[in-house]
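Chain by chain, the residues:
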Amino acid sequence: MALVLNDRVKVTSTTTGTGAFALGAAATGFETFAQGIGNNNTTYYCIFNQGTTEFETGLGTLDGSSANLTRTAVISSSNSDSAVDFSAGTKDVFCTLPASKTMEMVLTTQGDMPYASAANTPARLALGSAGHILQVNSGGNAPEWAASSGVSSGFVIAMSIAL
């Protein structure tokens, strides 16, 4: 299972409720999720119920035949950013890149460094202070700046490369 993004992936659905969405035919000029994203992959999606104010954007997971999209994590919605209980009607379901997932929203100051704070979640580490070195935090899951101990000048790099 991989995170896959693709342009011009759009289908319709008449699914109601808060569960997985049964994906219909591709809109004219677009690809289906099976063609553009692929079985068992994840993607960012948007669902919009035509003629209403109901919408939802999130991270979804396709099933083994790409016929259904499970709404894995809701990012924003017309239901206070929770899963929408979609009413009857035709919904547009399409692949998108949520604004909160772009680096432009993360990197705000000169010297910022991007890193992943969780799977598919960009974050920023602000520029450190003079004389500080970059290290991994005590939880072993994020970078942080720390006062150097015994490094008088220069640049120190420690890395491990698995091939």
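Basis of the calculations
- Residues numbered from 1 in each chain as written.
- Predicted model: local features only at pLDDT ≥ 70, side-chain atom pairs only at ≥ 80, totals over all residues.
- Heavy atoms only, no water.
- Phe/Tyr/Trp six-rings, centres within 6.5 Å; stacked < 30°, edge-to-face > 60°.
- Lys NZ or Arg CZ within 6 Å of the ring centre and 35° of its normal.
- Pairing = 2+ DSSP bridges.
- Helix = DSSP H or I, 4+ residues; strand = E, 2+ residues; numbered from the N terminus.
- Contact = heavy atoms within 4.5 Å.
- Salt bridge = Lys/Arg side-chain N within 4 Å of Asp/Glu carboxyl O.
- Buried < 20%, exposed > 50% of the residue type's maximum accessible area, 1.4 Å probe, protein only.

### A word on the packing of aromatic side chains
Argument step 1. All told, the structure shown has one aromatic pair when counted by the stated rule.
Argument step 2. Directly above the aromatic system of F30 lies the positively charged group of R8, at a separation of 4.1 Å from the ring centroid.
Argument step 3. The ring of F30 carries the charged tip of K10 above its face, separated from the ring centre by 5.3 Å.

### Some details on the sheet that holds strand β2 (residues 21-22)
Argument step 1. With respect to topology, six strands assemble into an open sheet ordered β1-β6-β3-β4-β5-β2, the strand pairing being antiparallel. The open sheet has two free edges, formed respectively by β1 (10-13) and β2, since each of these has just one partner strand.
Argument step 2. Pairing of strand β3 (residues 42-49) with strand β4 (residues 55-62) involves seven bridges; the strand directions are antiparallel. Looking across to β4, one finds that Y44 is bridged to L59.

### A closer look at unusual backbone geometry
Argument step 1. Not every positive phi belongs to a glycine, and N40 is a case in point at roughly 65 degrees.
Argument step 2. With respect to the helices and strands, N40 occurs in the loop between α1 (33-36) and β3.
Argument step 3. One non-glycine residue with positive phi stands out, namely D81, at about 65 degrees.
Argument step 4. Its place among the elements puts D81 in the loop between β5 (68-77) and β6 (91-95).

### Description of the environment of F86
Argument step 1. On the secondary structure map, F86 appears in the loop between β5 and β6.
Argument step 2. Spatially, the C-alpha atoms of F86 and F55 are 8.4 Å apart, while their sequence positions differ by 31 residues.
Argument step 3. Apart from residues no more than four positions distant in its own chain, F86 is found in contact with T15, T16, G17, F21, I47, N49, E54, F55, E56, R71 and K91.

### Observations concerning the pattern of salt bridges
Argument step 1. Per the stated rule, a full pass over the model turns up two salt bridges.
Argument step 2. A salt bridge links E56 to R71, with the shortest nitrogen-to-oxygen separation between them at 2.6 Å. Pair noted here: E56 is in strand β4 and R71 is in strand β5, with a separation of 15 residues, a long-range link.
Argument step 3. Residue classification places E56 among the buried positions, given a relative accessible area of 0%.
Argument step 4. In this structure, the salt-bridge partner of D112 is R124, at a minimum N-O distance of 2.9 Å. Here D112 is found in the loop between α2 (103-106) and β7 (113-118), whereas its partner R124 is found in strand β8 (residues 121-125), with 12 residues between them in sequence.
Argument step 5. What makes R124 partly exposed here is its relative accessible area of 36%.

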